[in-house]
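The primary structure of each chain is shown beneath.
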Amino acid sequence: MQSFFYNNLKQRKLDKWITIKTFNLPGDVAVLRGRLESEGIECFLANELTIQVNPLFSNAVDGVQLQVRESDVARAVSILKEGGYFTEQEIKAPGVLLQ
């Protein structure tokens with residue numbers, strides 16, 4: 001019999017997670033994560049623990065990456081745009097997810 005934790009972990013591995021924004025430090029992403037989770041969007045912070053242990057690794061691992069499921073990307077980006085969490089430069093940059 002497999003546990004709920006195992007099944008949940010297995011499902012997470014199957015889902016595709018997309019980075020929608022990066023930050024230098026884990027504390028910088030707390031408000032955005034809370035905002036998205038309050039809207040029912042599950043978030044994952046890639047590299048969070050690595051940078052908490054040694055903040056100097058932030059540039060080496062491309063910062064803390066705020067990730068959401070691929071199916072939630074459009075809704076998450078829309079919520080963050082409405083909240084003013086993206087600058088015009090981020091929105092208009094070539095190759096950026098928001099275009």
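Heads up: the structure comes first, above all this text.
Let me begin by describing the structure that accompanies this report. (Residues numbered from 1 in each chain as written. Predicted model: local features only at pLDDT ≥ 70, side-chain atom pairs only at ≥ 80, totals over all residues. Heavy atoms only, no water.)

**Notes on the sheet that holds strand 3 (residues 64-69)**
Two modes of strand pairing occur in sheets, parallel and antiparallel, and in both the strands are linked by backbone hydrogen bonds. As a reminder of what qualifies: Here a strand pair is declared whenever DSSP counts at least two bridges between the two strands. The helix count covers DSSP runs of H or I at least four residues long, the strand count covers runs of E at least two residues long, and both are numbered beginning at the N terminus. All axes are obtained by fitting lines to C-alpha atoms, using only the stretch in contact for helices, and the reported angles, taken between N-to-C directions, cover 0 to 180 degrees. Residue contacts are counted whenever heavy atoms from the two residues lie within 4.5 Å of one another.
The strand order across the open sheet built from three strands is 1-3-2, with neighbouring strands paired in antiparallel fashion. Edge strands, defined here as strands with exactly one partner in the open sheet, are strand 1 (17-23) and strand 2 (43-46). The mean angle between the axes of side-by-side strands here comes to 30 degrees, regardless of whether they run parallel or antiparallel. Each of strand 1, strand 2 and strand 3 touches helix 2 (residues 30-38); the most contacted strand, strand 2, lies at about 155 degrees to it. Sitting on the sheet, helix 4 (residues 73-82) is in contact with strand 1 and strand 3, with an inclination near 25 degrees to strand 1.

**Topic: the packing of helix 2 against helix 4**
Definition in use: Any angle that is under 35 degrees is reported as roughly parallel, and any over 145 degrees as roughly antiparallel; angles of 65 to 115 degrees are reported as roughly perpendicular and all others as oblique. Put simply, a crossing is left-handed when the front helix is turned counterclockwise from the back one by less than a right angle, and right-handed when it is turned clockwise. For this classification, Asp, Glu, Lys and Arg are treated as charged, while Ala, Val, Leu, Ile, Met, Phe, Trp, Tyr, Cys and Pro are nonpolar and the rest, including Gly, are polar.
Packing of helix 2 against helix 4 leaves a shortest axis separation of 10 Å and a crossing angle of 120 degrees. As the angle between them shows, helix 2 and helix 4 are arranged oblique. For helix 2 against helix 4, the interelement crossing comes out right-handed. Between helix 2 and helix 4, the residues in contact are Leu32, Arg35 and Leu36 and Ala76, Ile79 and Leu80, respectively. Partitioning the contact of helix 2 with helix 4 into residue classes produces five nonpolar, no polar and one charged.

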